[in-house]
Amino acid sequence: MINVALPKGRLGERAYEAFASAGYDCPAILEKNRRLTFENREKGVRYFWVKPSDVSIYVERGAADVGVAGRDILLEYEPDVYELLDLGIGRCRMCVAGPENFYDAPGRTLRVATKFPHITAEHYTAKSRDIDIIKLNGSIELAPILGLSDVIVDIVETGKTLLENHLAPLETIVDISAWLISSRVSYQFKHQEIAAMQAALARKL
C-alpha cells in the first residue's frame, strides 16, 4: 500500500484526477463524508488530505510515502525528500510585485512583505540587495498599499488581484508548479511501487 498525501483544495483535487487517470483511482475519496483517509486495496493506494504546507512534512517524516507539493513549498522549507516528477499542474509564478510606477532606489533598505521569507532572502542575497523582510500571513497585497512595505514577494497566477489593487509584477523569481515527492526511506523500501506510480503519472503528462 502506497500512502499518498494530497494538498487540500483545488490543487489536490487536480492532483487526484492525475492519479486516477494514471490508474490509481479511489472512489471513496469522492464521497461526501468526514473521513480522513481513503484507500483502494485493489490498486494498492491510500490517500489523505492535509494542509498544502504540511504535505512535505508528512512525506519527509515517512507518514506518507509520496505526496504532491508546490514548488514554492519545496523551495521555502527545503524538506529532505526526493523530487520525482513535475506534474505540470497548478502553474504560477513567484514574483516581486509592487506599485505600477515603483522605482527601487538602491541606496536605501528595501522593505519586502512576504509569506516566503527564505525564498525572498535567497533572491535578494544573490543580488547583494539590502532588504528588510516583513513576514505576513494574510493579504500580502495590502502591505504596499498601506505603506508597510515597498514591494511584496508572492505567488502570482493571473495577476488579477494585483491589477485590481494598482500593483503589478515587477520581476519573476521562479516558475511554480506541483511536484510528486517521495520519502527517502519509502523510495528505498517501496521503490518498485513508487517507480511504477511515477512512470504511470509521467505517461499521462
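Residues numbered from 1 in each chain as written. Predicted model: local features only at pLDDT ≥ 70, side-chain atom pairs only at ≥ 80, totals over all residues. Heavy atoms only, no water.

## Topic: unusual backbone geometry
We apply this condition: Only DSSP runs of H or I covering at least 4 residues are called helices, and only runs of E covering at least 2 are called strands; the numbering of each starts at the N terminus.
Non-glycine residue Glu78 carries a positive phi angle of around 45°. Mapped onto the elements, Glu78 comes out in the loop between helix H3 (71-77) and strand E5 (82-86). You will see that His166, though not glycine, has its phi angle at about 60°, which is positive. Turning to its location among the elements, His166 is positioned in the loop between helix H6 (160-164) and strand E10 (167-176).

## Quick notes on the environment of Tyr47
Heads up, the rule is: The buried label applies to any residue whose accessible area, calculated with a 1.4 Å probe on protein chains only, is under 20% of its type's maximum; exposed applies above 50%, and partly exposed to all values in between. Here, two residues are considered to be in contact whenever any of their heavy atoms come within 4.5 Å of each other. Under this definition, polar contacts are N or O atom pairs within 3.5 Å; protein pairs additionally need one hydrogen-donor-capable and one acceptor-capable atom, and for neighbouring residues in sequence, both atoms have to be side-chain atoms.
Considering the arrangement of structural elements, one finds Tyr47 in strand E3 (residues 45-50). For Tyr47, a relative accessible area of 0% puts it in the buried group. Placed 19 residues apart in sequence, Tyr47 and Ala28 show a C-alpha to C-alpha distance of 9.8 Å. In this view, Tyr47 contacts Val4, Leu6, Tyr16, Phe19, Tyr24, Cys26, Ile29, Leu36, Thr37 and Phe38; residues no more than four positions away in its chain are not counted. There is a polar contact of 2.5 Å between the side chain of Tyr47 and the backbone oxygen of Tyr24.

## A short note on the pairing of strand E1 (residues 2-7)
The two faces of a sheet get side chains in turn, since along a regular strand they alternate between them. Selection criterion: Two strands are said to pair when DSSP picks up at least two bridges between them.
Counting buried residues in E1 gives 6 out of 6 residues, a clear majority hidden from the surface. Alternating residues of E1 divide into Ile2, Val4 and Leu6 and Asn3, Ala5 and Pro7, and every residue in both groups is buried. Direction of pairing for E1 relative to E3: parallel, over a ladder of 6 bridges. What sits directly across from Pro7, in E3, is Val50. The pairing of E1 with strand E4 (residues 66-70) spans 2 bridges and is parallel. When the sheet's bridge partners are listed, Val4 is paired in E4 with Val66.

## Let's talk about the UniProt feature "domain: ATP phosphoribosyltransferase catalytic" (unreviewed entry) in the protein chain
Stated formally: UniProt positions are given in the numbering used here, feature names are shortened, and annotations may be inferred rather than shown by experiment.
Those residues carrying the UniProt feature "domain: ATP phosphoribosyltransferase catalytic" (unreviewed entry) are residues 51-201 in this numbering. The span residues 51-201 shows a helical share of 32% and a strand share of 32%, and its end C-alpha atoms are spaced 22 Å apart.

## Examining the sheet that holds E3
Here is the rule: Comment: axis = line fitted to C-alpha atoms, over the contacting stretch for helices; angle = value between 0 and 180 degrees taken between N-to-C directions.
With mixed pairing, 6 strands are arranged side by side in an open sheet as E2-E3-E1-E4-E11-E5. Strands at the two margins of the open sheet, each flanked by one partner only, are strand E2 (37-40) and E5. Pairwise comparison of adjacent strand axes, ignoring direction, gives a mean angle of 25° for this sheet. Pairing geometry for E4 and strand E11 (residues 178-182), over 5 bridges, is antiparallel. Across the sheet, Val66 pairs through a bridge with Ser182, a residue of E11. Packed on one face of the sheet, helix H8 (residues 191-203) meets E1, E3, E4, E5 and E11 and runs near 25° to E5.

## Some details on the packing of aromatic side chains
Here is the rule: Pairing of aromatic rings covers Phe, Tyr and Trp, the last through its six-membered ring, and needs centres within 6.5 Å; plane angles under 30 degrees mean stacked, over 60 mean edge-to-face, and all others mean tilted. Geometrically, a charge over a ring is one whose NZ (Lys) or CZ (Arg) sits within 6 Å of the ring centre while staying within 35 degrees of the ring normal.
Counted according to the given criterion, the structure contains 4 aromatic pairs. Where Tyr16 meets Tyr47, the ring centres are 5.4 Å apart and the plane angle is 85°; that geometry is what we call edge-to-face. Taken together, the positions of Tyr16 in helix H1 (residues 10-21) and Tyr47 in strand E3 put the pair 31 residues apart, joining distant regions of the chain. The burial state of Tyr16 is the same as that of Tyr47; both residues are buried. Chaining the aromatic ring pairs together yields one cluster made of Tyr16, Phe19 and Tyr47. Positioned above the aromatic ring of Trp179, the side-chain terminus of Arg71 is 5.4 Å from the ring centre.

## What about a nonpolar patch on the surface?
Worth spelling out the cut-off: Like-charged residues are merged into a patch within 9 Å and nonpolar side chains (Val, Leu, Ile, Met, Phe, Trp, Tyr) within 5 Å, provided each residue has over 30% relative accessible area and no salt bridge. Using a 1.4 Å probe, the Shrake-Rupley method yields the accessible areas, and only the shown protein chains count as cover for residues. Should a side-chain nitrogen of Lys or Arg be within 4 Å of a carboxyl oxygen of Asp or Glu, the pair is scored as a salt bridge.
A cluster of nonpolar side chains, namely Leu142, Ile145 and Leu146, defines an oily patch on the protein surface of about 310 Å² accessible area. Position of Leu142 among the secondary structure elements: in helix H5 (residues 142-145).

## Remarks on H1
Test applied: Here, expected helix span is obtained from the residue count minus one, scaled by 1.5 Å. In this context, the arc is that of the directions from the helix axis out to the C-beta atoms.
Over its 12 residues, H1 runs 17 Å from end to end, which matches the ideal 16 Å to within 8%, given 1.5 Å per residue. Within H1, burial applies to Gly12, Ala15, Tyr16 and Phe19. Viewed end-on, H1 has its buried residues packed into an arc of 100°, placing them on one side of the element. Exposed and facing more than 90 degrees away from the buried side of H1 are Arg10 and Glu17. Those residues of H1 that are buried lie in contact with E1, E3, E4, E11 and H8. Phi turns positive one or two residues past the end of H1, at Gly23, with a value near 105°.

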